[in-house]
Amino acid sequence: MMLWLRFACGFLVLIGLPLFGVWITGGALKPYLMFPPVTSHAVHGAFSWSVFWIITFLVLACVLPLDLHVILKGRRRLAIKTKTGKAFPWWGWTGFVLLILTWVFAWTRFNLFKQ
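Here's what I pulled together on the structure shown here. Treat the numbers as computed from the prediction; the structure is a model and nothing was measured.

## Focus on the overall build of the protein
Of the regular secondary structure elements, the protein holds 4 helices and 0 strands. Listed by position from the N terminus, the elements making up the protein come as α-α-α-α. Relative to its full complement of 115 residues, the protein shows a buried share of 3%. Surface accessibility of the protein: about 11,500 Å² in total, with carbon and sulfur atoms responsible for 75%.

## A word on unusual backbone geometry
Going from Phe35 to Pro36, the amide bond is cis rather than trans, its omega being -5°. As for its placement among the helices and strands, Pro36 is situated in the loop between α1 (3-24) and α2 (49-73).

## Remarks on α2
Taking 1.5 Å as the rise per residue, α2 with 25 residues should run 36 Å; its terminal C-alpha atoms sit 35 Å apart, in good agreement. The sharpest bend along α2 comes to roughly 30°, located at Val63, with the proline Pro65 sitting one to four residues further on.

## A closer look at α1
In a regular helix each residue adds 1.5 Å, so 22 residues correspond to 32 Å; α1 covers 30 Å between its end C-alpha atoms and thus fits that length. The first or second residue beyond α1 is Gly26, which carries a positive phi of 90°.

## Here's the deal with the packing of aromatic side chains
Following the criterion strictly, the structure yields 8 aromatic pairs and no others. Between Trp49 and Phe52 the ring centres are 5.5 Å apart and the planes differ by 85°, which places this aromatic pair in the edge-to-face class. Of the two residues, Trp49 and Phe52 are both situated in helix α2; the distance of 3 residues between them amounts to about one turn of the helix. Relative to Trp53, the ring of Phe52 has its centre 4.9 Å away and its plane inclined at 75°; by these criteria the two rings are edge-to-face. Accessibility expressed as a relative area gives 35% for Phe52, which makes it partly exposed.

## Quick word on the environment of Leu29
Inspection of the secondary structure puts Leu29 in the loop between α1 and α2. In this structure Leu29 comes out as partly exposed when scored by relative accessible area, which is 28%. Counting along the chain gives 10 residues from Leu29 to Leu19, while the straight-line C-alpha distance between them is 7.0 Å. Sequence-distant contacts of Leu29, defined by excluding residues within four places in its chain, comprise Leu19, Val22 and Trp23.

Quick notes on the rules
- Residues numbered from 1 in each chain as written.
- Predicted model: local features only at pLDDT ≥ 70, side-chain atom pairs only at ≥ 80, totals over all residues.
- Heavy atoms only, no water.
- Helix = DSSP H or I, 4+ residues; strand = E, 2+ residues; numbered from the N terminus.
- Buried < 20%, exposed > 50% of the residue type's maximum accessible area, 1.4 Å probe, protein only.
- Areas by Shrake-Rupley, 256 points an atom, 1.4 Å probe, with all protein chains shown as cover.
- Expected span 1.5 Å × (residues − 1).
- Bend = angle between axes of the 7 residues up to and from the residue.
- Phe/Tyr/Trp six-rings, centres within 6.5 Å; stacked < 30°, edge-to-face > 60°.
- Contact = heavy atoms within 4.5 Å.

What follows is the structure, given as structure tokens:
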């Protein structure tokens with residue numbers, strides 16, 4: 001599939017269809033086109049302990065059997081020989097720098113982001 005077609009389909013699915021849904025139901029598009037996005041127009045539901053525990057139980061029911069299998073039976077297969085003496089790859093350093101920069105932007109309130 002051509003690259004521009006992939007981008008067009010991705011844009012349509014991620015941006016176009018949600019905005020079309022708001023428009024077709026008669027809603028205002030302006031709150032959804034604000035930058036930076038603000039969730040003040042959305043009404044958030046109350047926290048539900050019962051839903052929290054149900055989701056926690058379902059996640060543990062899926063993850064624990066796999067963890068126990070690796071812990072009890074998979075130790076012999078997990079031993080991987082690694083080459084020593086190699087430097088950290090360039091893409092690893094790039095990812096690490098990107099991680100630090102995005103963390104700083106996420107947790108620091110710059111004047112650029114104030115309304």
